[in-house]
Amino acid sequence: MACLHDHDCADHNCSSDWSLFKHIDLSKVSALNEAVRGSVKSVFKPWEQRLNTSEGHLESNEGDPELIVFIPFTADVKIKSIAIVGGADGTSPAKMRAFINRDGIDFSDAQSMQPVQEWDLAENLQGVLEYQTRYSRFQSVGNITLHFPDNFGGDTTQIHYIGLKGEATQLKRDVVANIVYEVVPNPSDHKTRAEGGGGLSHVE
């Protein structure tokens with residue numbers, strides 16, 4: 001199901017407050033079949049800049065419209081919706097398939113595996129559409145892989161913007177790692193006195 005932006009976005013959770021852009025681990029984002037290596041990073045930007053194409057775009061290799069985009073997060077997130085702004089002249093992706101918490105998916109995997117959800121896309125050149133997820137399936141997402149198998153007839157597939165809406169559900173992993181609990185006491189931290197030679201100790 002797609003959301004058409006003909007309403008007040010602030011009242012419909014469409015504002016930048018719900019953007020997951022700040023939780024994307026951009027240094028680890030990658031794509032398969034991109035014509036220009038690393039160009040996939042240019043499609044992730046704040047919601048307000050979704051139509052800004054000055055930083056470039058993601059494009060598939062000539063004659064092969066299929067793309068896979070891997071998106072890891074710095075915290076576990078819940079994903080409410082996904083927005084895709086594609087290219088003109090038939091180069092927009094026509095279908096999107098999503099896989100959750102799976103690393104290293106290639107084109108063979110994507111074709112044989114069952115996605116968590118898939119959508120038929122419309123040409124969204126003005127960035128006014130976003131596609132709702134089956135929200136209960138998009139909880140505790142550490143990474144998401146998006147597969148774009150086809151377009152609207154162009155020789156390549158172009159993507160200018162990928163936007164994810166939702167909320168973070170967990171502290172960053174480095175913060176969690178600093179929280180230490182003493183599950184098993186260290187005997188050297190306590191004075192003990194052996195009683196009766198039976199091997200039992202008493203903590204004073």
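Right above here is the structure, for reference.
Anyway, here's the lowdown on the structure attached to this text. (Residues numbered from 1 in each chain as written. Predicted model: local features only at pLDDT ≥ 70, side-chain atom pairs only at ≥ 80, totals over all residues. Heavy atoms only, no water.)

### Notes on the overall build of the protein chain
- Along its length, the protein chain carries two helices and 11 strands.
- Starting at the N terminus and ending at the C terminus, the protein chain contains elements arranged as β-β-β-β-β-α-β-β-β-β-α-β-β.
- Within the span of the protein chain, comprising 204 residues, buried residues form 43% of the whole.
- When contacts within the protein chain are restricted to residue pairs at least 6 apart in sequence, long-range pairs at least 24 apart make up 78% of them. (Helix = DSSP H or I, 4+ residues; strand = E, 2+ residues; numbered from the N terminus. Buried < 20%, exposed > 50% of the residue type's maximum accessible area, 1.4 Å probe, protein only. Contact = heavy atoms within 4.5 Å.)

### Thoughts on the pattern of salt bridges
- All chains considered together, the criterion is met by five salt bridges.
- With a shortest N-O distance of 3.8 Å, K28 and D25 are connected by a salt bridge.
- Judged by its relative accessible area of 18%, D25 is buried.
- Salt-bridge contacts for K95 lead to D120; the nearest nitrogen and oxygen are separated by 2.7 Å. Note that K95 is positioned in strand β5 (residues 95-100) and D120 in strand β6 (residues 117-120), a separation of 25 residues in sequence.
- The partly exposed category is assigned to K95, whose relative accessible area is 27%. (Salt bridge = Lys/Arg side-chain N within 4 Å of Asp/Glu carboxyl O.)

### Description of unusual backbone geometry
- The phi dihedral of D89 falls on the positive side, at around 60 degrees, and the residue is not glycine.
- In this structure, D89 sits in the loop between β4 (67-86) and β5.
- Located in the positive-phi region is N101, a residue other than glycine, with phi close to 55 degrees.
- For N101, the location among the structural elements is in the loop between β5 and α1 (107-112).

### Things to note about the packing of aromatic side chains
- All told, the structure shown has two aromatic pairs when counted by the stated rule.
- In this arrangement the basic side chain of R50 is found over the ring face of W47, its NZ or CZ atom lying 4.0 Å from the centre.
- Taking the ring centre of W47 as reference, the NZ or CZ of K165 above it sits at 4.0 Å. (Phe/Tyr/Trp six-rings, centres within 6.5 Å; stacked < 30°, edge-to-face > 60°. Lys NZ or Arg CZ within 6 Å of the ring centre and 35° of its normal.)

### Comments concerning the side chain of S60
- Inspection of the secondary structure puts S60 in the loop between β3 (58-59) and β4.
- The buried category is assigned to S60, whose relative accessible area is 1%.
- A polar contact is formed between the side chain of S60 and the backbone oxygen of D64, at a distance of 2.9 Å.
- Of note is the side chain of S60, whose polar atom sits 2.9 Å from the backbone nitrogen of T157.
- When near neighbours in sequence (up to four residues on either side) are disregarded, S60 contacts N33, A35, P65, E66, L67, T156 and T157. (Polar contact = N/O pair within 3.5 Å; in protein donor to acceptor, adjacent residues only side chain to side chain.)

On their own, these measurements won't tell you what the molecule is for.
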